[in-house]
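What the coordinates show
Below, each chain spelled out in residue letters.
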Amino acid sequence: MSLAQRLRRACAEGRLRAVDTALADWGLRHGADERVALALALANRAVGEGHTCLPLDEQAPPAIPEENPICETAAWRQSLAESRLVGEPGEARPLILEGERLYLHRYWQYEALLAERLKAMIGTAPAAVDTAPLEREGELFDYAWVGDEETHWQAVAAATALRHRFCVISGGPGTGKTYTVLRLVKLLLADAAARQTPVPTIALAAPTGKAAARMMESMRNGLADLPDSEALGPSLPEDAATLHRLLGLRGDTTRPRHDRDNPLNADVVIVDEASMVDLPMMAKLVDAMPRHGRLILLGDRYQLASVESGSVLAELCRAAGVNGFGPQQREAFAPLLKSDAPTADPPLPPLADHVVTLQTSHRFTADSAIGRLAASVNAGDADSAMGVIREAAPEAIEARLDAGDGLDALVETVAAAHAPLLSESDPVAALARLGEIQLLTATRVGPTGSDSLNQAIHERLCREAGLDPAETWYPGRPIIIQHNDYRAGLFNGDIGICLADKAGRRRVWFQTGEQPRALLPTALPQHDSVYAMTVHKSQGSEFEHVHLLLPAVDTPVLSRELLYTGITRARKSLSLHGPEDILRAAIGRQTRRHSGLAERLAG
Ligand SMILES: Nc1ncnc2c1ncn2[C@@H]1O[C@H](COP(=O)(O)OP(=O)(O)OP(=O)(O)O)[C@@H](O)[C@H]1O
């Protein structure tokens, strides 16, 4: 059997995608031997799976078992070394081989660009920081909840962002990332005033429109609690932009309007939900930073990585360690660092001084069942997670881990929660109700996927309301937008609800600003019903009560990060549905994305 035939079989069996085999075919037509053609297919598949590169030393299990002999590393390397389709770093060839890592050229470029620009930022001499205002009780930070010998990590995070041009503030839900950044902005303004320099221009951005809107909402809420917030108001932008918009990326173009030759007009760029930012976007962002600019990434290192390739935030955090600073920074921050601050042994990773992990959730108390469950999942400790689930009060965590009564009961429960919306006419009340409960699934397809759950709940509600199930626009139908539509002011992930106006006309209401607004169903970009949504789609949103449904059989997408993200979407209470062994399998599976970023930054 020829390689082409084997590749097609691998494709038919789902081990490769059509686009992977097409690239191998292209290679064969351009003089690649079978090993190089296979390398093209596998490198492309690796990117499709979220990796930045294909590690030749870890090429297991091979996509094409019967190709094992051609995957034998020495022979493979020999073919790659001799092929004109494979180049060294810096060469313009379709594949780049750097040490043991094989890249598609574009991804090598993104990774090298990101590392180069980050190194320039972290290599800039740190600024002196006056820690006094950060230490004074009540001036910026409240110390009442911190023990005498405990470090106030929010204050340290603000000091870190002041000291450096690049900083990551990572923390779980409600650990005060927005709270900290608002106080940091206050310090930056005071600093500019003291130096008699112009007020810094601040840009706020997030990877999705939904996350940008939520960032703005958190900022507004936080401002209301901040003393002298009027001074801050004018320096904060009216809106947070999507990264696409900030960088001037239009439609399908990959070249942004802003890059190193035309940098962003901002002194400080603050990006929320940075775990969702993929490698190409992060590379474009750092490339567009002005030379003097300050970049602050906010996010949760434990959340699901971006849909596209790379898990930049998690990698940066992993490469930095947890809050172990170098000797100079320890000295500079001495009044802020208490005996609980970890010490790190040299040599310290270059990012150690730039990443701060916030530890305390102000939304979940330390003994909250959801918080403890999330911590056990992060620690990969399935027994501890099961302990939390068993001991939790049912109003906090309700576990249906027997795989028994299954989907019908869940469909019934979620349909019953939505039923009152069928007769709701007030958009404010209807939208608030949507934020109260959400069914989350691990996948979109399959019997426990969001598609079939949406259909089942839709049919169940139509039966109850006496509607024809073919009806699409009925009052009470919740929908989720699937594509950004700047003209309509709607973004991927925005959630709306169909209601009838007084004349019975259907309108779809969204809470995308301070007031709900209505659009005609015909004016909407691509959308779906959203009685259920995938955990991926739910990133950046929170709901009072979450039903988290695990699949009945294990699947590679089910990971610790997916579980953590699903659990932490719940503000108050959580119902877990699915077999215990699947829950345990998910806790045991940590997402690993191959990349050379950490090595490049250390180099
Ligand atoms: N040090 C603090 N003292 C008192 N309240 C705080 C403190 N830090 C945060 N909070 C409160 O906790 C809540 C969550 O804070 P914030 O929104 O800043 O967290 P976050 O990490 O940005 O959350 P999210 O994960 O939702 O983005 C807010 O109501 C905020 O006012």
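Under an unreviewed UniProt entry, the protein chain has the name RecBCD enzyme subunit RecD and belongs to Natronospira bacteriovora. One UniProt comment on the protein chain, placed under Sequence similarities (unreviewed entry), says "Belongs to the RecD family." UniProt's Catalytic activity (unreviewed entry) comment on the protein chain is quoted here verbatim: "ATP + H2O = ADP + phosphate + H(+)".

Some points on the overall build of the protein chain
Secondary structure summary: the protein chain contains 24 helices and 20 strands in total. Taking 2.2 N^0.38 as the reference for a compact globule, 603 residues should give roughly 25 Å; the C-alpha atoms of the protein chain span a radius of gyration of 25 Å, in line with that estimate. Structurally, the protein chain occupies a C-alpha span of about 70 × 70 × 50 Å along its principal axes. In the protein chain, of all internal contacts separated by at least 6 residues, the share reaching a separation of at least 24 is 75%.

Brief notes about the UniProt feature "binding site: ATP" (unreviewed entry) in the protein chain
Taking the numbering used here, the UniProt-annotated feature "binding site: ATP" (unreviewed entry) corresponds to G171, G172, P173, G174, T175, G176, K177 and T178. Mapped onto the fold, G176 is located in the loop between β5 (166-170) and α9 (177-195). If we ignore the near neighbours within four places in the chain, the residues touching G176 are Q154, G171, L358 and H362. Tracing the chain through its elements places K177 in helix α9. Its 27 C-beta neighbours within 10 Å are what place K177 among the buried residues. Contact partners of K177, with chain neighbours within four places excluded, come to I169, G171, L298 and L358.

Concerning helix α2 (residues 18-29)
Its twelve residues give α2 an end-to-end C-alpha distance of 16 Å, which sits within 8% of 16 Å, the value for a rise of 1.5 Å per residue. By the burial criterion, the buried members of α2 are D20, T21, L23, A24 and G27. The arc enclosing the buried residues of α2, seen along the axis, measures out at 155°, which places them on a common side. Away from its buried face, by an angle of more than 90 degrees, α2 presents the exposed residues A18 and R29.

Points about the pairing of strand β6 (residues 202-206)
Counting buried residues along β6, four of its five residues qualify, which places the element largely inside the surrounding structure. Sheet topology note: the β6/strand β8 (residues 268-271) ladder contains four bridges and is parallel. Note on β8: the bridge partner recorded for I202 is V268. For β6 and strand β7 (residues 241-242), the ladder comprises two bridges, and the chain directions are parallel. Bridging from a neighbouring strand, A206 pairs with T242 of β7.

Structural notes on the site of the ligand
The local shell around the ligand holds 15 residues, among which G176, K177, T178, Y179 and H362 are the closest. Among the secondary structure elements, those contributing two or more residues to the shell around the ligand are α9 and α10 (209-224). The dominant element in the shell around the ligand, judged by the number of residues it contributes, is α9, at three residues. The class makeup of the residues in the shell around the ligand is two nonpolar, nine polar and four charged.

Some thoughts on the nonpolar core
In terms of nonpolar packing, the biggest core is built from 167 residues, with L40, A43, L95, I296 and I567 touching the most fellow members. Apart from residues no more than four positions distant in its own chain, L95 is found in contact with A39, L40, A43, L85, V86, L102, Y103, L104 and H105.

Comments concerning the packing of helix α1 (residues 3-12) against α2
Their axes nearest at 9 Å, the elements α1 and α2 cross at an angle of 170°. If you check the angle between α1 and α2, you find them roughly antiparallel. Judged by residue contacts, A4, L7, R8 and C11 of α1 engage A18, T21, A24, D25 and L28 from α2. When the residues that make up the contact of α1 with α2 are grouped by side-chain class, the tally is six nonpolar, one polar and two charged.

So, the packing of helix α6 (residues 105-122) against helix α13 (residues 279-287)
Following both chains from N to C, one finds α6 and α13 inclined at 40°, their axes separated by 9 Å at the closest point. It follows from the interaxial angle that α6 and α13 lie oblique. As α6 runs across α13, the sense of the crossing is left-handed. Taken together, the residues of α13 that come into contact with α6 (itself represented by Y107, Y110, E111, L113, L114, R117 and L118) are L279, P280, M282, A283, V286 and D287. Class assignment of the residues belonging to the contact of α6 with α13 gives a composition of ten nonpolar, no polar and three charged.

Digging into the confidence of the model for the protein chain
Summarising the model, the protein chain shows a mean pLDDT of 88, and 96% of its residues fall at 70 or more. Mean pLDDT across the elements of the protein chain ranges from a minimum in helix α4 (residues 68-71), with 56, to a maximum in β5, with 97. Confidence estimates for the predicted assembly give a pTM of 0.89 and an ipTM of 0.98.

Focus: the sheet that holds strand β13 (residues 478-481)
Taken in spatial order, the five strands line up as β16-β15-β14-β13-β17 in an open sheet, and their pairing is antiparallel. Two strands close off the open sheet at either side, each with one partner strand: β16 (517-519) and β17 (527-529). Here the strands of the sheet are splayed against their neighbours by 35° on average, with no regard to which way each runs. For β13 and β17, the ladder comprises three bridges, and the chain directions are antiparallel. Looking across to β17, one finds that I479 is bridged to S529. Of the strands in this sheet, β13, β14 (495-500) and β15 (506-510) touch helix α19 (residues 427-434), which is tilted by about 140° from β14.

Cut-off values and rules
Chains are numbered independently. Their residues run from 1 in the order of the written sequence. Whole-chain, interface and lining totals are the exception, using all residues; otherwise, since this is a predicted model, local features are given only for residues with pLDDT of at least 70 and side-chain atom pairs are given and counted only at 80 or more. UniProt positions are given in the numbering used here, feature names are shortened, and annotations may be inferred rather than shown by experiment. Helix numbers and strand numbers start at the N terminus; a helix is a DSSP run of H or I with at least 4 residues, a strand a run of E with at least 2. C-alpha atoms define the radius of gyration in this analysis, and the globule rule sets the expected value at 2.2 Å times the number of residues to the power 0.38. The contact rule is simple: place each C-beta atom from the backbone, and if two of them lie within 7 Å, those residues are in contact. With C-beta atoms placed from the backbone, the exposure class of a residue follows from how many other C-beta atoms lie within 10 Å of its own: 20 or more, buried; 12 or fewer, exposed; in between, partly exposed. A helix is expected to span 1.5 Å multiplied by its residue count minus one. Along the arc lie the directions from the helix axis toward the C-beta atoms. Note on pairing: two strands pair once DSSP finds at least 2 bridges between them. Near residues are defined by distance alone, with the backbone-placed C-beta atom required to lie within 6 Å of the molecule or strand. Basically, the charged four are Asp, Glu, Lys and Arg, the nonpolar ten are Ala, Val, Leu, Ile, Met, Phe, Trp, Tyr, Cys and Pro, and anything else, Gly included, counts as polar. Connectivity within a nonpolar core runs through C-beta atoms within 7 Å, and the core itself is a set of buried Ala, Val, Leu, Ile, Met, Phe, Trp, Tyr and Cys residues. Axis geometry follows a simple rule: fit a line to the C-alpha atoms, using only the stretch in contact for helices, then measure angles between N-to-C directions, giving values from 0 to 180 degrees. Roughly parallel covers angles under 35 degrees, roughly antiparallel covers those over 145, roughly perpendicular covers 65 to 115, and oblique covers all other angles. Left-handed describes a crossing whose near helix is turned anticlockwise from the far helix through less than a right angle; right-handed describes the clockwise counterpart. pLDDT measures the predictor's confidence residue by residue and takes values from 0 up to 100.

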